[in-house]
Each structure stands twice: as structure tokens, then as C-alpha cells.
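# Remarks on the overall topology
Given next are the chains, with one letter for each unit.
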Amino acid sequence: MIKINISVFISGRGTNLQSIIDAVQSGKLPVTIKAVISDNEEAYGLKRAQKAGVESIFIDPDDFSTTQKYEQKLLEFMEENKIKLVVLAGFMRLISPYFLNNFRGKVMNIHPSLLPSFRGLHAQKQAIDYGVKVSGCTVHFVDEGMDTGPIILQKAVPVYDDDDEDSLAERILTEEHKIYPQAIKLFAQDKLKIKGRKVIRED
Ligand code: GRF
């Protein structure tokens, strides 16, 4: 089977990255992680990548005079390495229309809520504050909005009366680590078709 090349963009601890690395190493996910790219030199995810023998690169956005020049550099790397999918895993930066116009339908993100509820930062706290009884996580394709792109997979978890942001985040994270590798696998197998707002699974 031909394995597609993916690149994972991170900014922090990288537990989702780890779940992807683990799925690849155990033979469950037929992709090659060509590079882990971080916009933060201190990101622990860079160490996870090194440990797994995956190329890890810090590209400092501050080295570029504009977002477009920074993203141009990222796009050049994607082209040189024949990257077919960019996986955002805790990447704390919005992808601009410029990048998306050159990579449409090929950028995925994971968000710790059942979208369209609780977009943006601190989704777990938003869920607790709102008082919902169910929350979860969503893998979606990235479009120009914040957490608004077509939904690929979702998984619900209960919210308990005594939950705080951390306990809910932990329960959601356990499910993130399952559905992100699953969504990437569906993409790698060319089973996902975007039709308007919907992602249709074609087996
Ligand atoms: C996760 O909660 C993910 O849903 C959100 O950012 C967090 C990243 O965590 N987009 P990690 O770096 O993968 O541990």
C-alpha cells in the first residue's frame, strides 16, 4: 500500500501527536509523518518527535515580516516533501486563507468540544460554564473560520456535576487520542469526500 506523507503542526505538549506516532508505529495508521513543525521552540511535542525518530522543526514566525511569508515557507516545505495532509494538533495559530487556497481540503484540526458549540479557546471551560451535560471532541477540515470547517468525526463524553475544566479536558483528551488517528486513516485511505458542509464517508 502507498503511504501518504503527512506533517503535524504543534505548539505545545503534543499528546495528540503522540497518539498519531503510536498509531503509525503499531502499524494501525498507514501514513509517513514527514515532519513535526512547531511555532514554539519549547514545545514538548518536538521532543516526542525526536524520540520517535521523526524530523522535528521549529520555524519561528517572528523571523518573517508577514504571515504570508511565514506560510509561504511552510507551503514550500509541504511541496518539497510531497505532504498530502497537514494535521493541526494543538497548533495555536490560525491558518490563513493564503495557505488554505494552496492546500484546500488537506488541513485537519481537532477541537475539544462538540462543534459548533464552544469554538475557540478554553472550550472545556466554556462547556462547564454553560452547564451542558454532554461534551466531546471534533475532528474537522479547516476552513477560513475558527473551528468552523466540515466535520469528519465526533465523540461525545458525559459532563458530571463535579467536573472542573481539567477533569473534563482529561476525559475528552482520551477520546481525542482515538478519533484523530481514525480520521487521518480515513483520509489516507481516500474515504473522505467534502460535499459542501458535509464530509461523506465513501467505503
Ligand atoms: C487538545 O485539547 C486539542 O483538542 C486542542 O489543543 C489541545 C492539544 O493538546 N486543539 P496536545 O498538545 O495534543 O496534548
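All of the points below concern the structure found in this document.

## Quick look at the nonpolar core
Among the nonpolar cores identified, the biggest contains 42 residues, and Ile 6, Val 8, Met 108, Ile 152, Tyr 180 and Ile 184 are the most heavily contacted of them. The element that contributes the greatest number of residues to this core is helix α6 (residues 165-188), accounting for nine residues. If near-sequence neighbours (up to four positions away) are discounted, Ile 6 is found in contact with Ile 20, Val 31, Thr 32, Ile 33, Lys 34, Ala 35, Ile 83, Leu 85, Val 87 and Ile 184. Of all hydrophobic cores here, the second largest spans 20 residues; its members include Phe 9, Ala 35, Leu 74 and Phe 91.

## Here's the deal with unusual backbone geometry
The peptide bond linking Leu 115 to Pro 116 adopts the cis configuration, its omega dihedral lying at 15 degrees. Within the secondary structure, Pro 116 sits in the loop between β5 (107-111) and α5 (123-130). The phi dihedral of Phe 118 falls on the positive side, at around 60 degrees, and the residue is not glycine. Backbone geometry at Asp 147 places phi at a positive 60 degrees, although glycine is not the residue there. By the secondary structure assignment, Asp 147 is in the loop between β6 (134-141) and β7 (151-158). Classification of Asp 147 as buried rests on a relative accessible area of 12%.

## Examining the site of the ligand
The ligand sits among Arg 13, Gly 14, Thr 15, Asn 16, Gly 90, Ile 110, His 111, Pro 112 and Glu 176. Between a nitrogen atom of the ligand and a main-chain N or O atom of Ile 110, the distance comes to 2.8 Å. Within the contact set of the ligand, an oxygen atom lies 2.8 Å away from a side-chain nitrogen or oxygen of Glu 176. Against a free-state accessible area of 370 Å², the protein chains account for coverage of 85% of the ligand. Residue assignment for the shell around the ligand shows that the elements contributing at least two residues are α1 (15-25) and β5. Of the residues contributing to the shell around the ligand, the split by class is two nonpolar, five polar and two charged. In this structure, the shell around the ligand is formed jointly by two domains, domain 1 (1-103) and domain 2 (109-203), each of which donates at least three residues.

Conventions used here
- Residues numbered from 1 in each chain as written.
- Predicted model: local features only at pLDDT ≥ 70, side-chain atom pairs only at ≥ 80, totals over all residues.
- Heavy atoms only, no water.
- Core = buried A, V, L, I, M, F, W, Y, C linked by side-chain atoms within 4.5 Å.
- Buried < 20%, exposed > 50% of the residue type's maximum accessible area, 1.4 Å probe, protein only.
- Helix = DSSP H or I, 4+ residues; strand = E, 2+ residues; numbered from the N terminus.
- Contact = heavy atoms within 4.5 Å.
- Near = heavy atom within 4 Å.
- Polar contact = N/O pair within 3.5 Å; in protein donor to acceptor, adjacent residues only side chain to side chain.
- Areas by Shrake-Rupley, 256 points an atom, 1.4 Å probe, with all protein chains shown as cover.
- Nonpolar A, V, L, I, M, F, W, Y, C, P; charged D, E, K, R; others polar.
- Domains from an automatic or database assignment.

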